[in-house]
Amino acid sequence: LYPWFLAAFHGTASAGVWAACLGAVALGNPVVLGVQNFLGPKIAHVYAQEGRKSLRRFVLSTSVAVALPLLLFGLAMMLLGGPLVTLLYGHKYAGNGLVVALLAFNLAVSALAFSFSRALFAIERADLDFVVNFVALFIMLTFGLWLVRSFGVAGAAFGLLTANAAASAVRCFVFAKILAAIHIQEVS
């Protein structure tokens, strides 16, 4: 919805800037999607074959292993994002390095949460993963909307990052609580 918010508050040119900045960050998507296509089934396999403890260990280690390179990508985009979006889309997109960096960090946050999301699926709690998405929706429709109206494209990028970070934190918390409940059931 962020492009729609941008167009409504700041005109279609701001939605074009959003798309250009997102396009620059999307250079990292093929690797992320490939890793996620591998990890999704692997998480289910680990749980089915090795149980709760192995699932927890695997999810934590893969989350860190996936997020660290993407955090480095975010740091690189802090330095190179502005020139990259200008190189790819032209000089009228200059000055948007902050937006590119925020969107790159958003990619890292999303990748970090992916393993927790798929682990909830593996333990047959996809319903909770679905509900957690309402955290991001709520933030987008409140704080995110205000950020877009007040700060334009940079506000939209920060709103998206904030919403995904909050939902990711809740997703990790929910996963930990569900595993603890499973452990209590196993012990009882």
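What this report covers is the structure whose coordinates are included nearby. For every chain, the first residue of the written sequence is number 1, and numbering continues from 1 along that sequence. Given that the model is predicted, a residue must reach a pLDDT of at least 70 before its local features are reported, and side-chain atom pairs must reach 80 or more before they are shown or counted; all residues, however, enter totals for whole chains, interfaces and linings. Water and hydrogen atoms were dropped before computing side-chain values, which therefore reflect all heavy atoms in the structure.

1. Regarding helix α5 (residues 97-122)
- In this model α5 runs 38 Å from its N-terminal to its C-terminal C-alpha over 26 residues, within 8% of the 38 Å that 1.5 Å per residue would give.
- We define the bend at any residue as the angle between the axes fitted to the seven residues before and including it, ending there, and the seven starting there. Only DSSP runs of H or I with at least four residues qualify as helices, and only runs of E with at least two residues qualify as strands; both kinds are numbered from the N terminus onward. The sharpest bend along α5 reaches about 30° and sits at Phe114.
- Glu124 lies just past α5 and shows a positive phi near 60°. The span one expects for a helix is its residue count, reduced by one, times 1.5 Å.

2. Side note on the nonpolar core
- If you look at the biggest cluster of nonpolar residues, it comprises 56 residues, and the most contacted ones within it are Tyr2, Trp18, Ile43, Leu55, Leu70, Leu103 and Phe175.
- Every element with two or more residues in this core is listed here: α1 (2-10), α2 (12-25), α3 (29-50), α4 (52-89), α5 and α6 (126-187).
- Counting residues per element, this core draws most heavily on α6, which supplies 17 residues.
- Setting aside residues no more than four positions away along its own chain, Ile43 makes contact with Leu55, Phe58, Val59, Ser115, Arg118, Ala119 and Ala122. By convention a nonpolar core is built from buried Ala, Val, Leu, Ile, Met, Phe, Trp, Tyr and Cys residues, the set being connected through side-chain atoms within 4.5 Å. Working definition: with a 1.4 Å probe on protein chains only, accessible area under 20% of the residue-type maximum means buried, over 50% means exposed, and in between means partly exposed. The contact definition used throughout considers only heavy atoms, calling two residues in contact when any of these lie within 4.5 Å.

3. Examining the pattern of salt bridges
- Whenever Lys or Arg places a side-chain nitrogen within 4 Å of a carboxyl oxygen from Asp or Glu, that contact is recorded as a salt bridge. Per the stated rule, a full pass over the model turns up 2 salt bridges.
- With a closest N to O distance of 2.9 Å, Asp127 and Arg125 form a salt bridge.
- The exposure class assigned to Asp127 is partly exposed, which follows from its relative accessible area of 39%.
- Residue Arg125 is classed as partly exposed on the basis of its relative accessible area, which comes to 29%.
- The salt bridge partner of Asp129 is Arg171, with a shortest N-O separation of 2.5 Å. Each of the two residues, Asp129 as well as Arg171, counts as buried.

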